[in-house]
Structures are given as C-alpha cells and as structure tokens.
Amino acid sequence: PFFNKQYCSGTIQLVNGKTYDGLNLKLNLQENKIIASLDDGIETIITSPVHKVTLYCNGTKPAIIFLSSLPSINKQNHKSLYQVLDSGELFLLKYTEVRYKDTKDYNGTYITRRSYYQTPEYYVWSPGKDLIKVSLNEEELLTVLNPLRKPLLNILLKENIKLRKETDLIKLFT
C-alpha cells in the first residue's frame, strides 16, 4: 500500500506554511498517511494537516511531489494524497486507490495472503477551484475540459498523442 517500500528523504510543508526538511518519509497510499522515521528508528505518523510532500527516492531527480488538503471529490477528502504529474496554471494529479484481496490456503497451513492492487485516477486542478476527474478516453477528456477543448485537440493532433498511458496524459499537459 506504500508509494515506495523504502523510506525516502523528503520535506513536508504544513497547511500553516511551516516546512520540515531532511525527514525520512514513507507514504501509505491506502490509508493516506505520511510516516516519518525518526533518528532513533521510531516511526511516527504525521497528524498535522499537510499541504505538500516532496520526496527524493533512490536519488530521483526531479523530486516527486504530492499535494494534500485539496477539495474533496468522490471518496477522497482533505487527507488524500495526490501525486503531481505536471504543474503550471493547471495541475495534473494522480490519486492512487489501493485495494487488497485476502486469499486463504486451506491445505493444512491456514495462511492468509494479502495482495494489493493499485488503480490510478487522474485529476486536473487549479488553485482555488474544484478537482476535475479526467480519464484516458480522449472524448471524455475533451468533454470534461470543454473550455480547453480546442487547444487540447490541437495538441493531440499536432503531437499525435493517443491517450493510452499516463505518459500520454502528461505529454498533453506539458
């Protein structure tokens, strides 16, 4: 259920503007919790309202950024974590829904195995506005983002973007 199984170095910016640098962080996407590992090895869950999490996992550059405290939509609330795929006037965000399935082996061992499944959902957001859910279906995307229909259609045609993968959606917004 974690974004990265290992701790990543990172920074947290709280809703009140306070920033904490040099933390070891892990994100539980299933429960929308931010876990910090303290110097003595003790894990703690960040309970203060967080606006932004910046992660550097395995030397990644650029940093991986997550936003929280955004408007509620569907099952998500102010604690939900959204990965920033692109930013500018509009933010392209990814929310990862994590589900699990338990299976039991009844061949005398009675062991329960839990398998996790991640399903991405994509949103467009502009500060001060509501989140808008978008899909990888070209017609649905153009309908939902109707005011931007003409420029988006021009980019789709000019760049020959087919909207089959997340990378196609990112290319459309960059």
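Residues numbered from 1 in each chain as written. Predicted model: local features only at pLDDT ≥ 70, side-chain atom pairs only at ≥ 80, totals over all residues. Heavy atoms only, no water.

Asks: Which residues make up the pattern of salt bridges, and what values do they have?
Replies: Pairing between side chains becomes possible if they bear opposite charge and their charged atoms approach one another. All told, the structure shown has 6 salt bridges when counted by the stated rule. Of the charged contacts, one joins Glu31 and Lys33 as a salt bridge, the two residues approaching to 3.5 Å between their closest N and O atoms. Taking the relative accessible area as the measure of exposure, Glu31 reaches 44% and is therefore partly exposed. Linking Glu97 and Arg99 is a salt bridge whose minimum nitrogen-to-oxygen distance equals 3.0 Å. Taking relative accessible area as the criterion, Arg99 reaches 48% and is therefore assigned partly exposed. One salt-bridge network, held together by shared partners, links Lys75, Glu97 and Arg99. (Salt bridge = Lys/Arg side-chain N within 4 Å of Asp/Glu carboxyl O. Buried < 20%, exposed > 50% of the residue type's maximum accessible area, 1.4 Å probe, protein only.)

Asks: Residue-level account of the side chain of Gln76, with values.
Replies: With respect to the element layout, Gln76 can be found in the loop between β6 (64–67) and β7 (82–86). Relative accessible area serves as the criterion here: at 4%, Gln76 is assigned to the buried category. (Helix = DSSP H or I, 4+ residues; strand = E, 2+ residues; numbered from the N terminus.)

Asks: Account for the packing of aromatic side chains, with residues named and values stated.
Replies: Two descriptors summarise a pair of aromatic rings, namely the distance from one centre to the other and the angle between the planes of the rings. Counted according to the given criterion, the structure contains 5 aromatic pairs. Seen in terms of ring centroids, Tyr82 and Tyr123 are 5.8 Å apart; in terms of plane orientation they differ by 85°. Their pairing is edge-to-face. Taken together, the residues Tyr82 in strand β7 and Tyr123 in strand β9 (residues 111–125) connect sequence positions 41 residues apart. Joined through ring pairs, the aromatic side chains of Tyr82, Tyr95 and Tyr123 make up one cluster. Over the aromatic face of Phe2 sits the side chain of Lys26, whose NZ or CZ is 4.7 Å from the ring centroid. One residue, Arg114, lies across the ring of Tyr100, its end atom 3.7 Å from the ring centre. (Phe/Tyr/Trp six-rings, centres within 6.5 Å; stacked < 30°, edge-to-face > 60°. Lys NZ or Arg CZ within 6 Å of the ring centre and 35° of its normal.)

Asks: Before we move on, could you go through the state of the cysteines and cite the residues and values that matter?
Replies: Applying the stated criterion across every chain, the model contains 1 disulfide. Residue pairing for Cys8: its cysteine sulfur links by disulfide to Cys57, the two sulfurs lying 1.9 Å apart. On the sign convention where negative means left-handed, the S-S torsion of about 105° between Cys8 and Cys57 marks this disulfide as right-handed. One end of the pair, Cys8, is in strand β1 (residues 8–14); the other, Cys57, is in the loop between β5 (50–56) and β6, with 49 residues separating them in the sequence. Judged by its relative accessible area of 3%, Cys57 is buried. (Disulfide = S-S within 2.5 Å.)

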